[in-house]
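# Residue-level structure breakdown
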Amino acid sequence: MSAPAADPHGINFSWLVKLRWGAVAGQIVTVLAVSRGLHVLLPMGALLAVIAVEALSNVGCALVVMGGRPPREWWLVAVMAFDTLVLTALLSLSGGPFNPFSFLYLVQIALAAVVLRARFTWALVGLAMACSAVLFAVHRDLPLSHAQHMDLHVRGMWVAFAVAAGFIVYFLMRVTRALGERESDLQAAHHQAARQERLASLATLAAGAAHELATPLSTIALVAKELSRHLEARGADRETVEDARLIREQVERCREILEQMALDAGQSAGEGPVDVQVDDVVARSLRGLAEAPAIRVAVAPALLHAKVRLPPRALAQALHGILKNAQDASRAGDEVELSAAEEGGWLSFVVGDRGSGMPPEVLARAGEPFYTTKPPGRGMGLGLFLSRTLMERLGGRLRVESNAGRGTTVTLALPLG
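Now for a look at the structure at hand.

Rules of the game
Each chain has its residues counted from 1, running along the sequence as written. Residue-level local features of this predicted model are given only where pLDDT is at least 70; pairs of side-chain atoms are given and counted only at 80 or more, and the full residue set underlies all totals for whole chains, interfaces and linings. Side-chain metrics rest on all non-hydrogen atoms present in the structure, leaving aside hydrogens and water. When a carboxyl oxygen of Asp or Glu lies within 4 Å of a side-chain nitrogen of Lys or Arg, that pair is called a salt bridge. The helix count covers DSSP runs of H or I at least four residues long, the strand count covers runs of E at least two residues long, and both are numbered beginning at the N terminus. In this scheme, a residue with accessible area under 20% of its type's maximum is buried, one over 50% is exposed, and one in between is partly exposed, where area comes from a 1.4 Å probe on protein chains only. In this description, strands pair whenever DSSP reports at least two bridges between them. Helix axes use the C-alpha atoms of the stretch in contact, all axes being lines fitted to C-alpha atoms, and the angles between their N-to-C directions lie in the range 0 to 180 degrees. The contact rule is simple, with two residues in contact once any of their heavy atoms fall within 4.5 Å. One less than the residue count of a helix, multiplied by 1.5 Å, gives the span that helix is expected to have. As used here, the arc belongs to the directions running from the helix axis to the C-beta atoms. The way it works is a 1 Å grid over only the protein atoms, where trapped points that fit a 1.4 Å probe form a cavity and open points with protein on both sides within 12 Å along at least five of seven lines form a pocket, and then any residue with an atom within 4 Å of a point lines it. Grid points are joined across faces, edges and corners, and a volume is the space filled by probe spheres set on the points. Basically, the charged four are Asp, Glu, Lys and Arg, the nonpolar ten are Ala, Val, Leu, Ile, Met, Phe, Trp, Tyr, Cys and Pro, and anything else, Gly included, counts as polar. Oblique is the label for any angle not under 35 degrees, not over 145, and not in the 65 to 115 range, which are roughly parallel, roughly antiparallel and roughly perpendicular in turn. By convention a nonpolar core is built from buried Ala, Val, Leu, Ile, Met, Phe, Trp, Tyr and Cys residues, the set being connected through side-chain atoms within 4.5 Å. Aromatic pairs are defined between Phe, Tyr and Trp rings, using the six-membered ring for Trp, whenever the two ring centres lie within 6.5 Å; interplanar angles under 30 degrees are classed as stacked, those over 60 as edge-to-face, and all others as tilted. Cation placement over rings: the criterion is NZ of Lys or CZ of Arg within 6 Å of the ring centroid and within 35° of the ring normal.

### Quick look at the pattern of salt bridges
Tallied over the entire structure, the rule returns 8 salt bridges. Ionic pairing is found between Arg245 and Glu242, a salt bridge with its closest N-O pair at 3.4 Å. Of this pair, Arg245 and Glu242 both sit in helix α7 (residues 238-266), 3 residues apart, roughly one helical turn. The exposure class assigned to Arg245 is partly exposed, which follows from its relative accessible area of 35%. Glu242 gets classed as partly exposed once you look at its relative accessible area, which sits at 32%.

As structure tokens, this is what we get:
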């Protein structure tokens, strides 16, 4: 149920279209500023015609992006090669190699290094070098004196340097940001894989424990049963007979706990989504919980009876564990609140208590397997771990918010559909 990976070529192509619109606007502003502001005679018709061809080509690229068709890498190569030729044409019409904006070839090369593989980048480097060499032979000189030409060249070099520096820094920052996001994704995937590995180990441990302890537990149950009958036949006092029955009940409870651990850890994650009402999920999650502290269900009737497609048993088990933790953390007389909401294609369950909350150091470890602050015999520290792992397997997420002295709120969000 995880989202499909984004196509990097599609992202780069869409990004390139936006950059090209910026380039078209910058070229128009530059041509008008040099012609009108500096009173330099330029072939305006030819320059604007080249810019118009570039703009029309970008309209076609934008239509490709809007059409949703996945672009291929050679499309990027072709567009960037075309832009190199466009830049060459503009420079040829406005001074050739003497035009300070020939520095912008470096921007094309930097852009290629960001979005293309090495061989295509080197190919564009070769094309840029060839086009720059052609400018020495084919160009239109500007009608300026040597002094005017040098003054314009120096000022233009400063502008070209600023533009190139800005673009290159932007490209590098984009790469750094993308690498940071990728590193975060890899760390998240690593943590999730580690949790899945611990979950598999837990399932194996629980199944092995259930198997190994089955025989001694059965023996204890059988002996306790015979002892109970023997005591009743001998007319033993009622308290002694009840103790023997209690032994049998606790042995049976041990077997159920082991079986449930194996079931929770290993089978729920493979459950497929089905159409189910939200109130059914809520009812399942409340089964087996203590009557106090009371649990107040605050779900809108329209949502309570709505049908959603999700794995009901897995979600109910995750919610059950969170509710049990909330009850354990609540003080006498307090209520635990369970609410639900649907927004933006996500179904969220929120469980809140008014207990003592968790300090930051405890909150940081919440969800680790076998980590618990409960007294011995009250829990094994697996409820939150299993709930988080199940939600991740289902494409959802679990968020814990807690402040010492102000209670804890746990949100389980699951994508619908």
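### Some details on the sheet that holds strand β5 (residues 346-353)
Spatially, 5 strands are ordered β2-β4-β5-β7-β6 in an open sheet, and the strand pairing comes out mixed. Strands with a single pairing partner mark the edges of an open sheet, and in this sheet they are β2 (294-298) and β6 (397-403). For this sheet, the mean angle separating the axes of adjacent strands, direction not counted, is 15 degrees. Sheet topology note: the β6/strand β7 (residues 407-415) ladder contains 7 bridges and is antiparallel. Opposite Glu401, over in β7, you have Thr409 as the bridge partner. Across the sheet, helix α8 (residues 278-286) lies against β2, β4 (335-343) and β5, angled at about 35 degrees from β5, the strand it touches most. The sheet contacts of helix α10 (residues 312-329) involve β2, β4, β5, β6 and β7, and relative to β5 the element is tilted by about 20 degrees.

### Thoughts on helix α5 (residues 118-137)
Here α5 spans 30 Å end to end across 20 residues, near enough to the 28 Å set by a 1.5 Å rise per residue. Among all positions in α5, only Thr121, Leu124, Val125, Ala128, Cys131 and Leu135 are buried. Taken end-on, α5 shows its buried residues confined to a sector of 130 degrees, consistent with a single buried face. Away from its buried face, by an angle of more than 90 degrees, α5 presents the exposed residues Arg119, Trp122, Met129, Phe136 and Ala137. The inward-facing, buried residues of α5 contact α3 (73-92) and α4 (105-115).

### A word on the side chain of Ser285
On the secondary structure map, Ser285 appears in helix α8. If we ignore the near neighbours within four places in the chain, the residues touching Ser285 are Ala316, Leu319, His320 and Leu323.

### Topic: the layout of surface pockets
One number sums up the size of the second largest pocket: a volume of about 920 Å³. For the second largest pocket, the lining is made up of 41 residues, of which Gln27, Thr30, Leu87, Phe101 and Leu104 are closest to its centre. For the lining of the second largest pocket, the secondary structure elements donating two or more residues are α1 (8-37), α2 (44-67), α3, α4 and α6 (146-233). Here the lining of the second largest pocket gets 11 residues from one element, more than from any other, and that element is α1. Split by residue class, the lining of the second largest pocket holds 27 nonpolar, 10 polar and 4 charged.

### Digging into the packing of α3 against α4
Between α3 and α4, the least distance of the axes is 10 Å, while the angle of their chain directions is 175 degrees. By the angle between their axes, α3 is roughly antiparallel relative to α4. Between α3 and α4, the contacting residues are Leu76, Met80, Asp83, Thr84, Leu87, Thr88 and Leu91 on the first element and Tyr105, Gln108, Leu111, Ala112 and Val115 on the second. Residue classes in the contact of α3 with α4 are distributed as 8 nonpolar, 3 polar and 1 charged.

### Quick word on the nonpolar core
With 33 residues, the main nonpolar core has Leu310, Phe349, Val351 and Leu412 as its most contacted residues. Listed by contribution, the elements that provide at least two residues to this core are α8, β3 (307-310), α10, β4, β5, α12 (383-393), β6 and β7. The element best represented in this core is α10, accounting for 7 residues. Once residues within four sequence positions are removed from consideration, Phe349 is found in contact with Val278, Val281, Val282, Leu315, Leu319, Leu338, Ser339, Ala340, Val410, Thr411 and Leu412.

### Details of the packing of aromatic side chains
Inspection of the entire model under this criterion finds 1 aromatic pair. Measuring from ring centre to ring centre gives 6.0 Å for Trp74 and Trp75, while their planes differ by 85 degrees; the resulting arrangement is edge-to-face. By relative accessible area, which is 14% here, Trp75 ends up buried. Its end group placed over the ring of Trp346, Arg397 keeps NZ or CZ at 4.0 Å from the ring centre.

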